[in-house]
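What follows is the residue order along each chain.
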Protein chains: 2
Amino acid sequence: MARASKLIEPILTLLAGSTRHAWSLEDIRQDLRTRDLTPDFSSIFRVVEQLVAQGRVNRIHLADAPPRFELSGAHHDHLHCTLCDLLVPVPCLAPHNLADQAAQAQGFALHAHNIVLDGVCPHCQLQRQPRPELPA
Amino acid sequence: MARASKLIEPILTLLAGSTRHAWSLEDIRQDLRTRDLTPDFSSIFRVVEQLVAQGRVNRIHLADAPPRFELSGAHHDHLHCTLCDLLVPVPCLAPHNLADQAAQAQGFALHAHNIVLDGVCPHCQLQRQPRPELPA
DNA sequence: CTAGGTGCAAATCCTTTGCTCGAAT
DNA sequence: ATTCGAGCAAAGGATTTGCACCTAG
């Protein structure tokens, strides 16, 4: 049995935490630091890639921001604040019948969809400035 | 009156053409070449940025591929083939009531949404290999 | 004459990879 | 001894910016 990366468990724990909904690689790196883990960025990169490949973690693509990662689980979509990059999970937005119908009409085989709607979060609307960094 | 870029008209004409549904900057550059226009990449970049800022052109963010650009117009969503990067317009997938409801619940002010569903196009399903480049 | 469009080149950002060393089996 | 994981460093790719020039108004 091959050794597993020491980073797997801390990263999964991190993603399971509730402070942030989804984490960029940089977010992960900074949080691990608070636990005296200072792995190289490439190590985090490789571990997360592996988790994504195993389907244990989802990659969320954002407009104009590095991708975020979340634990795989019940499907949901996201709202993304384009000012502060806050990401909020919301119930599925595209009814499967609509999506399936569109895909079928074009002959597409769909992957799991992952919809991100861009907008401005309440905080940024009020402050006219980005929400301060969330504490890790 | 300031001079307008000479590239605006050819680019808009290009985007209005039907060969491709949406174009990357590189696609645009290559097509312009066939008309003996060899502008610098940065010039195309700046003109397209400008058109996007003016709302005349939409930027479509894709997973793992450079953004595509299309003329602004009637709203629609997209299917994206992750093998050959084909992009197909389909009718709106997220009913406004669902999206608005989710946004409202979170206090988000939504931009125009732009949903991309990733999948595999019919051609790539059959061939098990990416569709050859479309002619410009 | 002046504003601003253009090209060239370089900086930047983020992602990804090669390679070596060290630790666990 | 062998097999990876980890760290370091550097490549790569795409995007973005600074700057000087040139041309249309």
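Predicted model only: the values in this text are computed from it and were never measured. (Residues numbered from 1 in each chain as written. Chains lettered and ligands numbered in written order. Predicted model: local features only at pLDDT ≥ 70, side-chain atom pairs only at ≥ 80, totals over all residues. Heavy atoms only, no water.)

Engineer: Quick one: what's the story with the nonpolar core, residue by residue and with numbers?
Structural biologist: In terms of nonpolar packing, the biggest core is built from 34 residues, with Cys81(A), Phe108(A), Cys81(B) and Phe108(B) touching the most fellow members. Contacts of Cys81(B), omitting those with residues within four sequence positions, involve Phe108(A), Leu86(B), Gly119(B), Val120(B), Cys121(B) and Cys124(B). (Core = buried A, V, L, I, M, F, W, Y, C linked by side-chain atoms within 4.5 Å. Buried < 20%, exposed > 50% of the residue type's maximum accessible area, 1.4 Å probe, protein only. Contact = heavy atoms within 4.5 Å.)

Engineer: I'd like to hear about the sheet that holds strand 4 (residues 87-90) of chain A, residue by residue, with values.
Structural biologist: Ordered by their spatial adjacency, four strands build an open sheet running 4(A)-3(A)-6(A)-5(B), and the pairing between neighbours is mixed. Edge positions in the open sheet fall to strand 4 of chain A together with strand 5 (109-110) of chain B, since each of these has one partner strand only. The pairing of strand 3 (residues 77-81) of chain A with strand 6 (residues 116-120) of chain A spans four bridges and is classified as parallel. By the bridge assignment, Leu79(A) is partnered in strand 6 of chain A with Leu117(A). (Pairing = 2+ DSSP bridges. Helix = DSSP H or I, 4+ residues; strand = E, 2+ residues; numbered from the N terminus.)

Engineer: Could you give an account of the side chain of His76(A), naming the residues involved and the relevant values?
Structural biologist: Residues and elements named next belong to chain A. Looking at where His76 falls in the secondary structure, it is placed in the loop between strand 2 (65-71) and strand 3. Engagement of the side chain of His76 in a polar contact is seen with the side chain of Glu70, the distance being 3.0 Å. One polar contact links the side chain of His76 to the main-chain carbonyl oxygen of Ala74, over a distance of 3.1 Å. Excluding residues that lie within four positions of it along the chain, His76 makes contacts with His21, Glu70, Pro89, Val90, Cys92 and Asn114. (Polar contact = N/O pair within 3.5 Å; in protein donor to acceptor, adjacent residues only side chain to side chain.)

Engineer: Outline the relation of the copies chain B and chain A, listing residues and values.
Structural biologist: It takes a turn of 179° to lay chain B on chain A, together with a shift of 0.0 Å along the axis; the resulting RMSD is 0.1 Å. Both copies are brought into coincidence by an operation consistent with a two-fold rotation axis. Identified as the residue of chain B closest to the rotation axis by C-alpha distance is Ala94(B), at 2.3 Å. (Least-squares fit on C-alpha atoms with pLDDT ≥ 70 in both.)

Engineer: So, the packing of helix 1 (residues 8-16) of chain B against helix 2 (residues 25-33) of chain B: which residues are in play, and what are the values?
Structural biologist: Residue and element names in this part refer to chain B. Relative to each other, helix 1 and helix 2 sit at 105°, their axes nearing to 11 Å. Taken together, the axis directions place helix 1 and helix 2 in an arrangement best described as roughly perpendicular. Residues Pro10, Ile11, Leu14 and Leu15 of helix 1 form the contact with helix 2, whose own contacting residues are Ile28, Asp31 and Leu32. Split by residue class, the contact of helix 1 with helix 2 holds six nonpolar, no polar and one charged. (Axes fitted to C-alpha atoms, helices over the stretch in contact; angles between N-to-C directions. Parallel < 35°, antiparallel > 145°, perpendicular 65-115°, else oblique. Nonpolar A, V, L, I, M, F, W, Y, C, P; charged D, E, K, R; others polar.)

Engineer: Explain the pairing of strand 6 (residues 116-120) of chain B to me, and be specific about the residues and the numbers.
Structural biologist: When you tally the buried positions in strand 6 of chain B, you get five out of five residues, the bulk of the element. Of the two faces of strand 6 of chain B, the one carrying Val116(B), Asp118(B) and Val120(B) and the one carrying Leu117(B) and Gly119(B) are both buried. One ladder, built from two bridges, connects strand 5 (residues 109-110) of chain A with strand 6 of chain B; its direction is antiparallel. What sits directly across from Leu110(A), in strand 6 of chain B, is Gly119(B).

Engineer: So, the packing of aromatic side chains: which residues are in play, and what are the values?
Structural biologist: Taken as a whole and judged by the stated rule, the model has zero aromatic pairs over all chains. Above the plane of the ring of Trp23(A) lies Arg20(A), whose end atom (NZ or CZ) is 5.4 Å from the centre. (Phe/Tyr/Trp six-rings, centres within 6.5 Å; stacked < 30°, edge-to-face > 60°. Lys NZ or Arg CZ within 6 Å of the ring centre and 35° of its normal.)

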